[in-house]
Amino acid sequence: MVSKKLEKYKDYFKGKTYNITTFGCQMNEHDSERISYILEDLGYVYEEDRKKADFILFNTCLVRENAELKLYGQVSSLKKIKESHPEKIIAVSGCMMQTEVARQVIIDKHREVDIIFGTKNINSLSDLIFRYLETGERVVDISTDNVKDDFVKYNTPNHFQAYVNIMTGCDNFCSYCIVPESRGREESRRPSSIIEEVEYLVNQGYKEITLLGQNVNSYGNKADFNHTFPELLEKVAQIPNLKRLRFTTSHPKDLSDELIKVIKRNDNICKYFHLPLQSGSDKVLKDMNRKYTQEKYLERARKLKEEIPEIAISTDIIVGYPTETEEDFEQTLKVCKEVGYDTAFTFKYSPRPKTRAAKLTPIDDDIVQARFDKLLDLLYPIFNEKNQTYIGKTVEVLLESESKNNPEVLTGRTDDYKLVHVKADKSLIGEFVKVKITGNTSFTISGDLVE
Ligand code: 5AD
Ligand code: SF4
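Residues numbered from 1 in each chain as written. Chains lettered and ligands numbered in written order. Predicted model: local features only at pLDDT ≥ 70, side-chain atom pairs only at ≥ 80, totals over all residues. Heavy atoms only, no water.

S.K.: Tell me about the overall build of the chain, residues and numbers included.
M.R.: Helix and strand content of the chain: 15 helices and 19 strands. Against the globule reference of 22 Å for 451 residues, the chain gives a C-alpha radius of gyration of 23 Å, in line with a compact fold. Taking the principal axes of its C-alpha atoms as reference, the chain extends roughly 60 × 60 × 50 Å. A burial count over the chain gives 54% of its 451 residues as buried. Taking the contacts inside the chain whose residues are at least 6 apart along the sequence as the reference set, 74% of them involve residues at least 24 apart. Taken as a whole, the chain presents about 20,600 Å² of accessible surface, with 49% of it coming from carbon and sulfur. Charge-centre separation for the chain: the mean point of 66 positive side chains lies 2 Å from the mean point of 72 negative side chains. (Helix = DSSP H or I, 4+ residues; strand = E, 2+ residues; numbered from the N terminus. Rg over C-alpha atoms; globule rule 2.2 N^0.38 Å. Buried < 20%, exposed > 50% of the residue type's maximum accessible area, 1.4 Å probe, protein only. Contact = heavy atoms within 4.5 Å. Areas by Shrake-Rupley, 256 points an atom, 1.4 Å probe, with all protein chains shown as cover. Lys, Arg positive; Asp, Glu negative; His and termini not counted. Charge placed at Lys NZ, Arg CZ, Asp CG, Glu CD.)

S.K.: Got a sec to walk through the packing of helix α11 (residues 257–265) against helix α13 (residues 294–307)? Specific residues and values, please.
M.R.: In the contact formed by α11 and α13, the axes pass within 10 Å of each other and the chain directions differ by 25°. Regarding the angle of α11 to α13, the classification is roughly parallel. Where α11 crosses over α13, the handedness of that crossing is right-handed. In contact with Asp257, Ile260 and Lys264 of α11, α13 contributes Arg300, Lys303, Leu304 and Glu307. (Axes fitted to C-alpha atoms, helices over the stretch in contact; angles between N-to-C directions. Parallel < 35°, antiparallel > 145°, perpendicular 65-115°, else oblique. Left-handed = near helix turned anticlockwise from the far one by under 90°.)

S.K.: Residue-level account of the pattern of salt bridges, with values.
M.R.: The full count for this structure, using the stated rule, is 30 salt bridges. For Lys207, the salt bridge goes to Glu431, with nearest N and O atoms at 3.8 Å. Taken together, the residues span a long stretch of sequence, with Lys207 in the loop between α9 (191–203) and β10 (208–212) and Glu431 in the loop between β17 (419–423) and β18 (432–440) at a distance of 224 residues. Residue classification places Lys207 among the buried positions, given a relative accessible area of 18%. Glu431 gets classed as partly exposed once you look at its relative accessible area, which sits at 35%. Salt-bridge contacts for Glu234 lead to Arg265; the nearest nitrogen and oxygen are separated by 2.8 Å. Residue Glu234 is found in helix α10 (residues 229–237), and its partner Arg265 is found in helix α11; the two are separated by 31 residues along the sequence. Relative accessible area serves as the criterion here: at 17%, Glu234 is assigned to the buried category. The class of Arg265 is partly exposed, set by a relative accessible area of 46%. Through salt bridges with shared partners, one network takes in Asp31, Arg34 and Arg183. (Salt bridge = Lys/Arg side-chain N within 4 Å of Asp/Glu carboxyl O.)

S.K.: Which residues make up the pairing of β10, and what are the values?
M.R.: The buried count for β10 comes to five of five residues, which makes it a mostly enclosed element. Direction of pairing for β10 relative to strand β11 (residues 244–248): parallel, over a ladder of five bridges. Each residue of the ladder has a partner; that of Leu211, found in β11, is Phe247. Traced from β10 through α10 to β11, the parallel crossover comes out right-handed. (Pairing = 2+ DSSP bridges. Right-handed = clockwise from strand over helix to strand, strands pointing away.)

S.K.: Which residues make up the site of ligand 1, and what are the values?
M.R.: In the vicinity of ligand 1, the residues found are Val63, Arg64, Tyr176, Gln278, Asp316, Ile318, Phe347, Lys348, Tyr349, Ser350 and Arg352. With respect to ligand 1, the side chain of Arg64 contributes an N or O atom lying 2.8 Å from an oxygen atom. Contact between ligand 1 and Ser350: a nitrogen atom at 2.7 Å from a main-chain N or O atom of the residue. Starting from 400 Å² of accessible surface for ligand 1 in isolation, the protein chains cover 85%. Its residues assigned to classes, the shell around ligand 1 shows five nonpolar, two polar and four charged. (Near = heavy atom within 4 Å. Polar contact = N/O pair within 3.5 Å; in protein donor to acceptor, adjacent residues only side chain to side chain. Nonpolar A, V, L, I, M, F, W, Y, C, P; charged D, E, K, R; others polar.)

S.K.: So what's going on with the UniProt feature "domain: TRAM" (unreviewed entry) in the chain? Which residues, and what values?
M.R.: The feature "domain: TRAM" (unreviewed entry), as annotated in UniProt, sits at residues 388–451 in this numbering. As annotated, residues 388–451 has a helix share of 2% and a strand share of 55%, and its two end C-alpha atoms lie 23 Å apart. (UniProt positions renumbered as here; feature names shortened; annotations may be inferred.)

S.K.: Describe in detail the sheet that holds β11, supporting the description with residues and values.
M.R.: Read from one edge of the open sheet, three strands run β7-β10-β11, paired in parallel fashion. Single-partner strands in this sheet number two, and they are β7 (161–165) and β11. Neighbour-to-neighbour, the strand axes of the sheet open up by a mean angle of 20°, direction not taken into account. Strand direction decides the pairing type here: β7 and β10, joined by five bridges, are parallel. Looking at β10, one finds that Ala162 is bridged to Ile209. Packed on one face of the sheet, α10 meets β10 and β11 and runs near 155° to β11.

S.K.: I'd like a description of the environment of Thr325, backed by residues and values.
M.R.: Checked against the element boundaries, Thr325 lands in the loop between β13 (312–319) and α14 (326–339). Thr325 sits in the partly exposed class, given a relative accessible area of 31%. Residues Thr325 and Lys283 lie 42 residues apart in sequence; the distance between their C-alpha atoms is 9.9 Å. With residues near it in sequence (within four places) discarded, Thr325 still touches Lys283 and Arg371.

S.K.: Describe the UniProt feature "domain: MTTase N-terminal" (unreviewed entry) in the chain, naming the residues involved and giving the relevant values.
M.R.: Per the UniProt record, "domain: MTTase N-terminal" (unreviewed entry) is found at residues 16–134. Each end of residues 16–134 is marked by a C-alpha atom, and these two atoms are 17 Å apart; helix forms 50% of the span and strand 19%.

S.K.: Give a detailed account of the site of ligand 2, specifying residues and quantitative values.
M.R.: Close to ligand 2 lie Cys170, Asn172, Phe173, Cys174, Tyr176, Cys177, Val179, Pro180, Gln214, His251 and Arg290. Across the shell around ligand 2, the residue classes tally to seven nonpolar, three polar and one charged.

S.K.: Give a description of the side chain of Thr414 that names residues and reports values.
M.R.: Looking at the element boundaries, Thr414 is found in strand β16 (residues 409–414). At 2.4 Å, the side chain of Thr414 forms a polar contact with the side chain of Asp416. If we ignore the near neighbours within four places in the chain, the residues touching Thr414 are Arg244, Arg246, Val395, Glu396, Val397, Val420 and Ile445.

S.K.: Quick one: what's the story with the environment of Ala358, residue by residue and with numbers?
M.R.: Inspection of the secondary structure puts Ala358 in the loop between β14 (343–348) and α15 (365–388). Take Ala358: its relative accessible area is 34%, and that puts it in the partly exposed class. Each C-alpha atom, one on Ala358 and one on Glu47, is 39 Å from the other, the two residues being 311 residues apart in sequence. If we ignore the near neighbours within four places in the chain, the residues touching Ala358 are Tyr349, Pro351 and Arg352.

Here it is in structure tokens:
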């Protein structure tokens with residue numbers, strides 16, 4: 001079907017360009033990689049300047065309100081361009097489109113959008129474009145059924161790093177979170193299919209693979225195959241020539257001793273663990289439906305460090321959940337001091353439609369801002385102190401790209417996910433190099449290449 005249509009529109013796609021703006025998490029990044037593969041397969045070529053592109057897509061996120069508002073602003077800014085260039089195609093996809101309220105805003109208020117599709121309709125994108133070209137009418141395609149996305153094709157950010165989906169959706173229903181609504185129920189991919197995909201990538205020369213899921217620790221829980229996440233992780237780690245293996249995200253309630261052992265005994269599993277705390281207060285954690293206490297969280301973090309002393313730990317923290325008091329917030333600060341995070345992603349609570357927490361009265365903005373500032377004042381010196389310990393050490397770095405501010409400087413990551421700046425020739429991008437660390441900030445370490 002697609003190939004017949006493609007034959008008909010072959011000339012149409014000649015010289016046509018596309019641009020994708022991606023909001024949100026790595027799952028969305030990976031979805032955009034699938035979308036760009038499909039577009040390039042049709043004949044589109046990437047255009048960096050969004051306004052110049054013939055096919056303009058926004059892959060959206062709904063996890064916090066600011067991403068949502070930014071999207072409406074960016075789509076509106078294309079109204080005039082669409083008026084003067086009606087031949088351009090504007091499309092919106094992703095989590096916002098999967099959620100009725102946000103989708104309706106685009107449908108009702110943004111006539112400039114031609115194609116609307118959800119996270120489970122990516123495979124149909126070519127058909128949606130053909131349908132639009134044939135009718136000139138807006139096309140909307142949203143499905144809620146999980147699709148068996150075994151071994152789908154996608155572009156990768158470069159020739160040495162790739163994301164691999166191991167599961168979709170989430171069943172945890174944290175009270176503040178829209179993901180279970182936007183991404184649907186949890187479903188795990190078969191281990192054989194995942195392993196086949198990673199083997200393929202490694203044979204193509206990929207060096208670093210990141211396994212993706214909303215909560216990788218519950219991998220396989222509901223599946224008809226008998227495989228836990230630690231078992232899967234170890235099998236993937238044993239694929240010959242895989243240099244680095246990462247995974248994200250882990251829910252602390254399901255972090256098992258077995259997983260810690262697997263990370264410890266496989267050299268190519270990176271010694272970096274993202275362990276979202278959200279809050280340090282038992283009361284707030286209960287209100288959030290997180291299913292762990294401060295004590296359980298600290299015990300897991302301690303165990304990680306005892307077993308793997310070199311491990312770096314990062315976290316997500318939400319400040320100003322509606323039931324958070326000053327004392328509750330102090331508990332969050334206490335956990336931050338005790339764990340000594342290497343880095344943290346900090347968010348002000350944002351009410352999301354249809355979540356349980358959205359029914360609660362939010363805390364005053366001023367109070368939330370003051371707590372947020374206090375949290376950063378505590379965290380930045382901790383990150384700085386951690387990074388200082390690298391000075392004088394020689395670390396192995398996978399060089400990823402030119403630094404945005406200075407093309408003579410390249411950036412890369414260590415095994416434990418430290419962002420490294422080093423002067424080096426860009427021909428070394430994609431290579432492992434040794435760097436002697438001489439300086440640091442709260443967010444980076446920097447140094448010189450060791451010959
Ligand atoms: N408000 C603020 N932060 C949120 N997150 C998820 N939902 C919300 C919300 N409603 C944060 C959590 C999660 C990260 C991906 O985003 O910290 O771990
Ligand atoms: Fe959202 Fe909680 Fe699921 Fe993470 S585990 S995606 S925070 S519901």
